[in-house]
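Fold and geometry: a report
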Amino acid sequence: MGLQLHAGAQKFVAAYTQGNFEKAIKFAEKAIDEEPKNLDAYLVKAMSNMHLGSDSATRAEHSFGVESALGTLKLIIKKDKTGAFISAHQAELDSIVYANYLLAEKNIDNGKTEKASKILNDLIDIKPLPAYYYQVGIIYLDEGNTFAAMDMFNDAAAKIYIDAKAGIKPDAYLDEIFITLAGNIADKGDLNSAFVIYNRALDIFNNASINEAYKVFLDGLLLQLNGYRDSTRQIAFIKNLDTVAQLTNDPNFFAALKWQMIMQYFEYQMDYDYYGAAAFVETYVCAERKTEIPDGFYDKIFESTFIKNTVDGAVLYDGRQFMRTWLSMQSCLMEKPISGNELMYAVMDSLLSEKKCVEAYKWLHNIKLWNADAKKVTAYENQIYNIIKVADTSVFSFSNLYDLTYFFPANKNFKSLQEKSAYAELIKLLDQKKFSESGKLLRAQIKLNPKDKVIHDLYRRWIVLDFNENFLGSAVYINDKDWGGSVENCEPGKLSAEMQATFLQRLNYCRRVAGVPDKCELRASLNEKCQAAALMMTANYDLSHLPPEDWQCYTPAGAIGAGNSNLSLGYSGPSALLGQLEDDGENNYFVGHRRWILNPSRKVFGHGSTSSAMALWALGGESSNYDDVITREFETQYICWPPEHYFPSALYASRWSFSLRSADFSKSTVEIYQEGVQLEVIVLENNAGYGMNTVVWEPQGVKYNEEVNFKVVVKNVGIYEWDEAKSEYISIPKTYTYTTTMLQLR
């Protein structure tokens, strides 16, 4: 109980020393009344109240003792102008502060957070310890006052950091301040500040909880930085991880994360600044000897070297930039570096020795674009030719010959080999009645060499064989017995599996001759709705995509079917499908039925027919489209009806159409020539919203009853392209020309 006070303070000091705290308070208060600046008396009063409020024997009667001590202490601080008194009695001050801290914790436990907050804020004013800020911050968080809580955590973190630099180690539990603060700041998008806070936490604590929290933050950061455009900040984050790996107790994890971030940065930035991004990666590869990273660039050389066929012709892509980066990386990683040209040719020699022909011709294409030695390129072409002319398909597939023809158009050996292989392949496919595969090959070959007489003859043969097998083979009619339903009893009936297979045969045939994916399916659940819809159309002898509930044989299932289907009345089954492709009638001027049938993305349909009505489900439905990989070519590939090149007269329609995704036909004009003579054309009103954007016209004076050749010219087709100067998409007018011949097949 020994207080070091001046000699005139014996009464209240004696009472305090004897443990008579109540009497000590009375003597102290009397002394204060007599001398308001008597700091000794204030201190005895404060200490006595603290003991009375803390001791179990007196606590009940002096429940406010500890808080009273804090109030008196605040007066002492206010009155001690020089701070000398406080400095001389720091131990007593600390004991009062600590007692109030324990009281605040008790209030928090009892749910008295307002009282606890008041005490803690007073303590912060007296002695700003991080623990006090932390407790107030927790109270604010529990109250939902995140902004105030983060202010407290920020002040606490700053104090801990300053103390740590002065050699004062904080309590381990205070790491939660940094974790909470960094997490909240990161959630608000301030990733730089979050990085700084976590780095300081690692430096100060470097315990398991900080490491785990930092890992979670960085995993989330990888997702946030996906597609991030600010390259300066991305690079700063990556460089920060160099420092982190030295601080953390799990350096391998952070090093691996850094490389994930580096490669993610590269993948996104390469579209905007390839060489800048690649140089950044290369710096790390060479510095850290990361021999596995160049492998990814090596693979990209081949992945990026390909041909894309568009309506404007073949577009060749190459991987020169990846080759340049790979060669540079290899040079810095080799113990005895060699020149880029030497290494480039060495790779080519290796690919040829291993008979990796596909990789070899792609590698050679990139070499050629580098303006390499022309004689050397020609010699390599000959080596490739000598390998593939005797190779089987396990070494070099037929489809790769197309690449060779485009990549090396002046090489007559490649062209001759490709043509001969194409002829043989087509004859084989046609003999096997593989009409889908042969159709794709014919279209590719005729695009490559439009004047190839052999290919034109084979195309005609394909049209005839496919027509006989699949058009005539699907020419069936549905009678009352076939659908098995009843208008009288409102029974929808059900088509047999054989009948549905025949309908699907006709559907896929029509899509195939138009050049769109022809591996379509019918889904049983959609067939049921379409059958119910066909029954309603039959019962009411009317067509409606929104049938009213008072219709005869109305059902909700039938209404759903009607709302998602092409509808026909007066015929059904395959015949109705052909009618929908023809799409005559004044209300069908935009050929919407045809456009839905030939929608290249559509894979799953539904079909229902009575003897006099048909519903073809062509809209909506879960998992009903082809994969984008299959339909990607139709971003730039047009679809026309009657089909391009050759078509049977049975598919002739008085309304012709030309469809191209995202095209603008509002200003388009059409010219059509029959055996070189221009015909009059009526271009119908443009109407978007049915499958692909389409222009429709009606040629006048067509010779229907003989084999006729047509040339079609579609002008002023608006194609949207990005204008860098205007920073917007603008419509560029283009012209498309194609030919087709109508063969007399009915």
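In the block above lies the structure referred to throughout.
This text gives an overview of the structure that appears in the document. Counting restarts for each chain, with residues numbered from 1 along the sequence as it is written. It should be noted that, the model being predicted, local features are given only for residues of pLDDT at least 70 and side-chain atom pairs only at 80 or more, the latter also being counted only at that level, while totals for whole chains, interfaces and linings use all residues. Water and hydrogen atoms were dropped before computing side-chain values, which therefore reflect all heavy atoms in the structure.

**Some remarks on the overall build of the chain**
Secondary structure elements are defined from DSSP: runs of H or I of at least 4 residues count as helices, runs of E of at least 2 residues count as strands, and each element is numbered from the N terminus. Broken down by element type, the chain carries 30 helices and 15 strands. In terms of overall size, the chain is more extended than a compact globule, its C-alpha atoms giving a radius of gyration of 42 Å where 746 residues would be expected to give roughly 27 Å. Overall size of the chain, expressed as C-alpha extent along the three principal axes, is 135 × 85 × 45 Å. Categorising residues by exposure relies on relative accessible area from a 1.4 Å probe, with only protein chains included: less than 20% of the type maximum marks a residue as buried, more than 50% marks it as exposed, and the intermediate range marks it as partly exposed. The buried share of the chain, reckoned over its 746 residues, is 50%. What the globule rule says is 2.2 Å times the number of residues to the power 0.38, and the radius of gyration is computed from C-alpha atoms.

**With respect to the sheet that holds strand β15 (residues 728–743)**
In a beta sheet, neighbouring strands are held together by backbone hydrogen bonds and run either parallel or antiparallel to one another. With mixed pairing, five strands are arranged side by side in an open sheet as β8-β15-β14-β10-β11. Whereas interior strands pair on both sides, the edge strands pair on one side only; in this sheet they are β8 (645–648) and β11 (677–679). Sheet twist, expressed as the average angle between the axes of neighbouring strands with direction ignored, equals 35 degrees. Note: strand β14 (residues 708–723) against β15, 14 bridges, orientation antiparallel. By the bridge assignment, V714 is partnered in β15 with Y736. The strands touched by helix α23 (residues 453–471) are β8 and β15; relative to β8, the strand with the most contacts, the crossing angle is about 25 degrees. Strands qualify as paired when DSSP identifies two bridges or more between them. To get an axis, fit a line to the C-alpha atoms, keeping to the stretch in contact for a helix; angles then go from 0 to 180 degrees between the N-to-C directions. Contacts are assigned to residue pairs with any non-hydrogen atoms lying within 4.5 Å of each other.

**Some points on the packing of helix α6 (residues 90–109) against helix α7 (residues 113–126)**
Running from N to C, α6 and α7 point in directions that differ by 155 degrees, and their axes come no closer than 8 Å. When the axes of α6 and α7 are compared, the pair comes out roughly antiparallel. Crossing hand, α6 versus α7: left-handed. For the pair formed by α6 and α7, the contact residues are L93, V97, N100, Y101, L103, A104, N107 and I108 on the first element and T113, K115, A116, I119, L120, L123 and I126 on the second. Counted by class, the contact of α6 with α7 contains 11 nonpolar, three polar and one charged residues. Throughout, the term roughly parallel applies to angles under 35 degrees, roughly antiparallel to angles over 145, roughly perpendicular to angles from 65 to 115, and oblique to all others. Handedness of a helix crossing follows the sense of rotation of the near helix relative to the far helix, less than a right angle counterclockwise being left-handed and clockwise being right-handed. Under the convention adopted here, Pro, Cys and the residues Ala, Val, Leu, Ile, Met, Phe, Trp and Tyr are nonpolar, Asp, Glu, Lys and Arg are charged, and Gly plus all remaining residues are polar.

**Details of the sheet that holds strand β13 (residues 694–699)**
The strand order β7-β9-β13-β12 describes an open sheet built from four strands, whose pairing is antiparallel. Across the chains shown, the open sheet's two edge strands, defined by having one partner strand only, are β7 (639–641) and β12 (681–683). On average, adjacent strands in this sheet sit at an angle of 20 degrees to one another, irrespective of strand direction. Direction of pairing for β12 relative to β13: antiparallel, over a ladder of three bridges. Each bridged residue has a counterpart across the sheet, and for V683 the counterpart in β13 is W697.

**Considerations on helix α19 (residues 374–388)**
End to end, α19 covers 21 Å across 15 residues, agreeing with the expected 21 Å (1.5 Å per residue, within 8%). Structurally, α19 contributes buried residues whose contacts are with α17 (340–353), α18 (357–369), α20 (400–407) and α21 (412–431). Side-chain atoms alone can form a polar contact between residues adjacent in sequence; in general such a contact is a pair of N or O atoms within 3.5 Å, and within protein one must be able to donate a hydrogen while the other accepts it. At the N-terminal boundary of α19, the capping side chain belongs to D373, with an oxygen 2.9 Å from the backbone nitrogen of K375. The span you would expect from a helix comes to 1.5 Å times its residue count less one.

**Here we look at the pattern of salt bridges**
Whenever Lys or Arg places a side-chain nitrogen within 4 Å of a carboxyl oxygen from Asp or Glu, that contact is recorded as a salt bridge. In the structure shown here, the tally under the stated rule is 24 salt bridges. The residue D518 makes a salt bridge to R512 at a minimum N-O spacing of 2.9 Å. For the pair formed by D518 and R512, the shared burial category is buried. Among the charged side chains, a salt-bridge network with shared partners connects K74, K118 and D122.

**Overview of the state of the cysteines**
Note on terminology: pairs of cysteine sulfur atoms within 2.5 Å are recorded as disulfides. Inspection of every chain in the model, using the stated rule, returns two disulfides. Each sulfur in the disulfide pair C286 and C332 lies 1.9 Å from the other. Since a negative S-S torsion denotes a left-handed disulfide, the C286-C332 link at about -90 degrees is left-handed. One end of the pair, C286, is in helix α14 (residues 251–288); the other, C332, is in helix α16 (residues 320–333), and 46 residues separate them in sequence. When its relative accessible area of 25% is taken as the criterion, C332 is described as partly exposed. Once the bonded cysteines of the chain are numbered in order along the sequence, the disulfide links fall as 1-2, 3-4. Free of any disulfide, C510 has its nearest cysteine sulfur in C520, 11 Å distant. Among the residues examined, C510 registers a relative accessible area of 1% and is labelled buried.

**Some remarks on the pairing of β15**
Both β8 and β15 contribute to a ladder of four bridges, which runs parallel. If you follow P648 over to β15, its bridge partner there is L743. Here β14 hands over to β15 after four residues, with S727 in that stretch at a positive phi of 55 degrees.

**Section: the nonpolar core**
Here, nonpolar core refers to any group of buried Ala, Val, Leu, Ile, Met, Phe, Trp, Tyr and Cys residues whose side-chain atoms link them within 4.5 Å. By size, the foremost hydrophobic cluster in this structure holds 182 residues, and its most contacted members are W363 and I384. Element by element, the count of residues in this core is highest for α14, at 15 residues. When near neighbours in sequence (up to four residues on either side) are disregarded, W363 contacts Y298, I301, F302, M323, W326, M344, V347, M348 and L351. Of all hydrophobic cores here, the second largest spans 24 residues; its members include C640, L660, V714 and I719.

**Regarding the environment of E491**
Tracing the backbone shows E491 in the loop between α24 (480–483) and α25 (497–514). The exposure class assigned to E491 is partly exposed, which follows from its relative accessible area of 46%. Expressed as a C-alpha distance, the spacing of E491 and C553, which sit 62 residues apart in the sequence, is 8.2 Å. Apart from the residues lying within four places of it in its own chain, the contact partners of E491 are W483, G485, S486 and L535.

**Focus: the pairing of strand β9 (residues 656–659)**
Residues W656 and F658 of β9 are buried on one face, and the alternating residues S657 and S659, pointing to the opposite face, are buried as well. The pairing of β7 with β9 spans three bridges and is classified as antiparallel. Across the sheet, W641 pairs through a bridge with S657, a residue of β9. As judged from the four bridges shared by β9 and β13, these two strands associate in the antiparallel manner. Of the residues in β13, the one forming a bridge with S659 is T694.

**Some words on the packing of aromatic side chains**
Side-chain rings of Phe, Tyr and Trp, where Trp is taken by its six-membered ring, are said to pair if the distance between their centres is within 6.5 Å; with planes under 30 degrees apart they count as stacked, over 60 as edge-to-face, and otherwise as tilted. As enumerated under the stated definition, the model contains 46 aromatic pairs in all. Look at F408 and F414: their rings are 5.8 Å apart centre to centre, the planes differ by 55 degrees, and that puts the pair in the tilted class. Residue F408 is classed as buried on the basis of its relative accessible area, which comes to 2%. What makes F414 buried here is its relative accessible area of 1%. By the ring-pair criterion, three or more aromatic residues cluster together here, those being F266, Y274, Y275, F297 and F322. Here the basic side chain of R200 rests over the ring of Y161, its NZ or CZ set 4.0 Å away from the ring centre. By definition here, charges over rings are those cases where NZ of Lys or CZ of Arg is within 6 Å of the ring centre and within 35 degrees of the ring normal.

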